[in-house]
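# Structural characterization, general
The chain contents come next:
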Amino acid sequence: MPGGDMAKPLLGHQNVESDPNLAPAAGSKTVGILGSGDFARSLSMRLVCSGFKVVIGSRNPKRNMSLFPSAAEVTFQADAIKKTDIIFVAIFREHYTTLCDLSDELSGKILVDVSNNAEINHHRESNAEYLASLFPACTVVKGFNVISAWTLQSGPRDGNKQVFIGSDNQEAKRVVAEISHMLGFTPMDMGSLTAAREIENIPLRLLPSWKIPVFLALALFLCFYTYNFIRQVLHPFIRDHKNKFYKIPVEVINTTLPCVAYVMLSLVYLPGVLAAIFQLYYCTKYRRFPDWLDQWLQHRKQIGLLSFFCAALHAAYSFCLPMRRSHRYLLLNEAVKQALEKKENAWIEEEVWRMEIYISFGIMALGLLSLLAITSLPSIANALNWREFSFIQSTLGFVALVVSTLHTLTYGWTRAFDENQYKFYLPPTYTLTLLVPCAVILAKVFFHLPCMNQRLRRIRNGWEKGRYVKFTLPRATGEFSSGESSSTV
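Below is a summary of the structure that appears in this document.

When you go through the protein residue by residue, the secondary structure sums to 19 helices and ten strands. When the 489 residues of the protein are sorted by exposure, 40% land in the buried category. The long-range fraction of contacts in the protein, counting pairs at least 24 apart against all pairs at least 6 apart in sequence, stands at 71%.

As a further point, take the sheet that holds strand β1 (residues 30-34). Read from one edge to the other, the open sheet built from six strands follows the order β3-β2-β1-β4-β5-β6, with strand pairing classed as parallel. Each edge of the open sheet is held by one strand with a lone partner, namely β3 (73-76) and β6 (139-142). For this sheet, the mean inter-axis angle between neighbouring strands, taken without regard to orientation, is 25 degrees. With four bridges connecting them, strand β4 (residues 86-89) and strand β5 (residues 110-113) associate as parallel partners. Bridged to Val-89 within β5 is Asp-113. Strands in contact with helix α1 (residues 38-49) are β1, β2 (53-58) and β4; relative to β1, the strand with the most contacts, it is inclined by about 170 degrees. The sheet contacts of helix α7 (residues 170-182) involve β1, β4, β5 and β6, and relative to β6 the element is tilted by about 45 degrees.

Next up on the list: unusual backbone geometry. Its identity is not glycine, yet Leu-207 carries a phi of approximately 50 degrees, on the positive side. Inspection of the secondary structure puts Leu-207 in the loop between α8 (196-201) and α9 (211-239). If you check the backbone angles, Phe-424 has positive phi at about 55 degrees while not being a glycine. Position of Phe-424 among the secondary structure elements: in the loop between α16 (386-412) and α17 (429-433). Classification of Phe-424 by relative accessible area gives partly exposed; the value is 27%.

On to helix α13 (residues 325-340). Given 3.6 residues per turn, any residue in an α-helix points the same way as the ones three and four places further on. Here α13 spans 23 Å end to end across 16 residues, near enough to the 22 Å set by a 1.5 Å rise per residue. Directly beyond the C-terminal end of α13, a positive phi value near 55 degrees is found at Lys-342.

Contact pair helix α12 (residues 300-320) / helix α14 (residues 349-375): the axes reach a minimum separation of 10 Å and the direction vectors enclose 140 degrees. Taken together, α12 and α14 sit at an angle that is classed as oblique. In terms of crossing hand, the pair formed by α12 and α14 is left-handed. Listed contacts from α14 to Leu-305, Ser-307, Phe-308, Ala-311, Ala-312, His-314 and Ala-315 of α12 are Tyr-358, Leu-366, Leu-369, Ser-370 and Ala-373. In terms of residue class, the contact of α12 with α14 is made up of nine nonpolar, three polar and no charged.

Thresholds applied
- Residues numbered from 1 in each chain as written.
- Predicted model: local features only at pLDDT ≥ 70, side-chain atom pairs only at ≥ 80, totals over all residues.
- Heavy atoms only, no water.
- Helix = DSSP H or I, 4+ residues; strand = E, 2+ residues; numbered from the N terminus.
- Buried < 20%, exposed > 50% of the residue type's maximum accessible area, 1.4 Å probe, protein only.
- Contact = heavy atoms within 4.5 Å.
- Pairing = 2+ DSSP bridges.
- Axes fitted to C-alpha atoms, helices over the stretch in contact; angles between N-to-C directions.
- Expected span 1.5 Å × (residues − 1).
- Parallel < 35°, antiparallel > 145°, perpendicular 65-115°, else oblique.
- Left-handed = near helix turned anticlockwise from the far one by under 90°.
- Nonpolar A, V, L, I, M, F, W, Y, C, P; charged D, E, K, R; others polar.

So far we have only geometry, and geometry alone does not tell us how the molecule works.
Structural data, given as structure tokens:
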């Protein structure tokens with residue numbers, strides 16, 4: 001790489017604009033930029049640091065000269081176009097027509113369109129296709145639109161490292177891909193220029209893979225929160241005329257969060273169980289899963305991270321419970337009540353052990369969830385081989401589900417059999433959360449039985465019911481027989 005390790009940020013104590021060591025070497029490739037905005041300035045810095053000779057085309061070069069590195073040449077647009085064959089068009093779509101007067105100078109040049117729209121599919125055609133229609137004598141390449149000005153200055157390690165490229169000319173794509181690689185980025189060939197519409201939509205999407213998991217988590221939270229509100233606040237208010245509305249901001253939320261985290265964790269492993277049942281039923285791995293199951297399998301990472309998020313919030317809320325003023329008043333009232341009843345020892349051995357075990361399982365479950373969340377990050381996952389990643393996400397993930405189940409069971413203890421716990425004839429919340437996780441655990445245990453595990457492994461290795469491959473054994477002379485002896489698999 002001409003400029004050294006371009007993963008090193010440009011932002012630092014070094015003054016990029018005035019550093020004499022950044023002067024391009026003799027014979028270096030010349031790259032032009034049309035535009036003087038933030039992206040054009042950042043791109044010029046990155047190109048100069050990578051060893052390119054940079055020419056900036058501006059409508060007012062004297063005014064904008066101070067904005068660019070001293071090693072870059074700032075001149076009028078017509079002069080800049082004549083000095084290079086590769087030009088980055090860093091202007092808005094609305095200003096493309098201002099370049100029409102330079103059609104003759106742009107003829108035969110490679111134009112790299114880096115623009116984006118304000119909305120997804122805002123125009124019928126992509127910006128790159130529109131630029132190509134204005135300048136048919138040029139070769140237009142779509143690229144660098146997913147790279148921000150901040151990423152260009154701070155280095156690929158602090159932002160998106162992929163550069164999506166699309167063009168109808170293979171040689172032009174190769175040239176732009178080479179430039180992106182020299183800048184420290186990873187070029188991704190997206191095909192022809194028709195892919196520019198999809199490339200331009202990429203930076204406009206707001207967490208597309210998170211929408212379904214977030215809506216699922218919000219739906220579960222609202223359901224469990226309403227259920228807990230009825231049991232903890234509404235029931236004592238109606239039956240005993242007690243004001244428990246102070247529980248709404250903290251205690252009801254803290255009771256809801258572990259329910260959401262626990263169910264979301266089970267929903268990470270439930271699609272795997274359904275996929276195994278699907279394969280066992282059809283006795284093949286080559287039959288496509290239903291679309292809903294396929295989408296579910298693809299969203300497991302996001303569901304798991306949301307489960308960890310809710311569990312972490314539950315831990316934070318639990319630490320804050322003794323800090324509440326209501327908790328202090330209730331503790332004082334309980335102490336006064338014991339003093340009036342002349343109780344010297346309020347120790348209950350069973351409750352002490354239950355809480356000790358309950359908290360211990362909770363800490364272990366949160367620790368395992370933290371490990372799952374960390375290893376799901378791309379930077380960590382890329383450092384693991386497939387067996388290590390599968391062991392952590394599958395085996396330790398299942399252990400986390402089992403430990404979370406034990407944490408829930410020790411929380412409930414024998415209260416599921418206490419009729420006073422059924423407010424408005426509604427069962428305790430933790431009993432509802434146990435349904436899906438226990439079903440997943442039982443199904444996992446069932447699939448690990450030798451008879452089922454062997455059959456499932458054969459299917460995943462390619463075995464199909466009702467189909468076989470016939471191999472003909474060779475004769476002793478070395479020739480193959482016509483079917484006298486054969487082996488069927």
